[in-house]
Amino acid sequence: MSSPSKRREMDLMKLMMSDYKVEMVNDGMQEFYVDFHGPNDSLYQGGVWRVRVELPDAYPYKSPSIGFVNKMYHPNVDEMSGSVCLDVINQTWSPMFDLVNVFEVFLPQLLLYPNPSDPLNGEAAALMMRDRPAYEQKVKEYCQRYAKPEDIGAPPEDKSSDEELTEDEYDSSDEAVVGNPDP
């Protein structure tokens, strides 16, 4: 077993032993979901988010890809894709960090201390700077609507592009665009 795959396995086991609910995708250890609870004393307290984690082949030398599955209203989280704008994950990642750091330090810090000057969600950033009470109310509404603990295992409302197409959806009329086959 190579060093990066041993490290991946060790970090994943450490995360599971830290009382995080981890759900593997397929049989590999490169893609999984983690149930993440909003930090205490934050606007996100009481909310539970499903976070998708992808570990690159070069992990821990290359940072994991992190994204929220259920919606979150936050200046540094893209509302549609769930992507996270966090320097320590995107630019300053170090092999000294592990998955537990992501869930016990980096993500809680992001939620406790949003950075509206470097937004992925411009609307949330503008509202936070312009009208803090309205921003806080919207965060709480999103938590109640999208981050209820009982909804965490429910399928998302709209289809993802990864789902298989039904026969009717698959049978689009591309033939008309391409033309008739040669005789």
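Residues numbered from 1 in each chain as written. Predicted model: local features only at pLDDT ≥ 70, side-chain atom pairs only at ≥ 80, totals over all residues. Heavy atoms only, no water.

S.K.: Just to check I follow, could you spell out the overall build of the protein for this structure?
M.R.: Counting its secondary structure elements, the protein contains 7 helices and 4 strands. When its helices and strands are written in sequence order, the protein yields α-β-β-β-β-α-α-α-α-α-α. In the protein, buried positions account for 38% of the 183 residues. Accessible area of the protein: about 11500 Å², with a carbon and sulfur share of 49%. (Helix = DSSP H or I, 4+ residues; strand = E, 2+ residues; numbered from the N terminus. Buried < 20%, exposed > 50% of the residue type's maximum accessible area, 1.4 Å probe, protein only. Areas by Shrake-Rupley, 256 points an atom, 1.4 Å probe, with all protein chains shown as cover.)

S.K.: Teacher, can you tell me more about the pattern of salt bridges here?
M.R.: Within the structure shown, the criterion is met by 9 salt bridges. Note that R50 is salt-bridged to D35, the shortest N-O span being 3.7 Å. Taken together, the residues span a long stretch of sequence, with R50 in strand β3 (residues 48-54) and D35 in strand β2 (residues 31-37) at a distance of 15 residues. Overall, R50 belongs to the buried group, its relative accessible area being 12%. Note that E123 and K138 form a salt bridge whose closest N and O atoms lie 2.9 Å from each other. (Salt bridge = Lys/Arg side-chain N within 4 Å of Asp/Glu carboxyl O.)

S.K.: Quick question: what am I supposed to make of the sheet that holds β2 here?
M.R.: Strand-to-strand pairing in sheets goes through backbone hydrogen bonds, with the strands running parallel or antiparallel. Across the sheet, which stays open at both edges, the 4 strands sit in the order β1-β2-β3-β4 with antiparallel pairing between neighbours. On the outer flanks of this sheet lie β1 (22-24) and β4 (65-68), each paired with one strand and no other. Neighbour-to-neighbour, the strand axes of the sheet open up by a mean angle of 25 degrees, direction not taken into account. Packed onto the sheet, helix α1 (residues 3-17) meets β1 and β2 and runs at close to 140 degrees relative to β1. (Pairing = 2+ DSSP bridges. Axes fitted to C-alpha atoms, helices over the stretch in contact; angles between N-to-C directions. Contact = heavy atoms within 4.5 Å.)

S.K.: Would you explain helix α5 (residues 132-146) in this entry?
M.R.: Residue pairs three or four apart in sequence face the same way in an α-helix, which turns once every 3.6 residues. Taking 1.5 Å per residue, 15 residues should reach 21 Å; α5 reaches 21 Å between its end C-alpha atoms and fits that length. Those residues of α5 that fall on the buried side of the exposure criterion are Y135, V139, Y142, C143 and Y146. Projected onto a plane normal to the axis of α5, the buried residues spread over an arc of 100 degrees and lie on a single side. Exposed positions of α5 whose direction lies more than 90 degrees from the buried face are P133, Q144 and R145. Residues of α5 that are buried sit in contact with β3 and α4 (122-130). (Expected span 1.5 Å × (residues − 1). Arc of directions from axis to C-beta.)

S.K.: So what exactly am I meant to see when it comes to the packing of aromatic side chains here?
M.R.: Two measures describe an aromatic ring pair: the distance that separates the ring centres and the angle between the ring planes. Within this structure, the stated rule accounts for 10 aromatic pairs. Ring plane angle 50 degrees and centroid distance 5.7 Å describe the contact between Y20 and F103, whose orientation is recorded as tilted. Taken together, the positions of Y20 in the loop between α1 and β1 and F103 in helix α3 (residues 99-112) put the pair 83 residues apart, joining distant regions of the chain. There is no split in this pair, since Y20 and F103 are both buried. (Phe/Tyr/Trp six-rings, centres within 6.5 Å; stacked < 30°, edge-to-face > 60°.)

S.K.: Can you walk me through the pairing of β3 in this structure?
M.R.: One face of the sheet, then the other: side chains in a regular strand alternate in exactly this way. Burial analysis of β3 places 5 of its 7 residues in the buried class, the great majority of the element. Judged from the 4 bridges that link them, β3 and β4 form a sheet pairing that is antiparallel. Paired with E54 across the two strands is S65, which belongs to β4.

S.K.: Would you mind showing me how to read unusual backbone geometry here?
M.R.: Among all residues save glycine, negative phi is the norm, and among peptide bonds the norm is trans. The peptide bond linking Y59 to P60 adopts the cis configuration, its omega dihedral lying at 15 degrees. Within the secondary structure, P60 is located in the loop between β3 and β4. Positive phi, close to 70 degrees, is recorded for D19, a residue that is not glycine. Mapped onto the fold, D19 is located in the loop between α1 and β1.

S.K.: What is the right way to read the UniProt feature "active site" (unreviewed entry) in the protein from this model?
M.R.: UniProt's feature table lists "active site" (unreviewed entry) at C85, given in the numbering used throughout. Structurally, C85 is set in the loop between β4 and α2 (87-90). Beyond its immediate sequence surroundings of up to four residues, C85 is in contact with N76, N90, L110, D118 and L120. (UniProt positions renumbered as here; feature names shortened; annotations may be inferred.)

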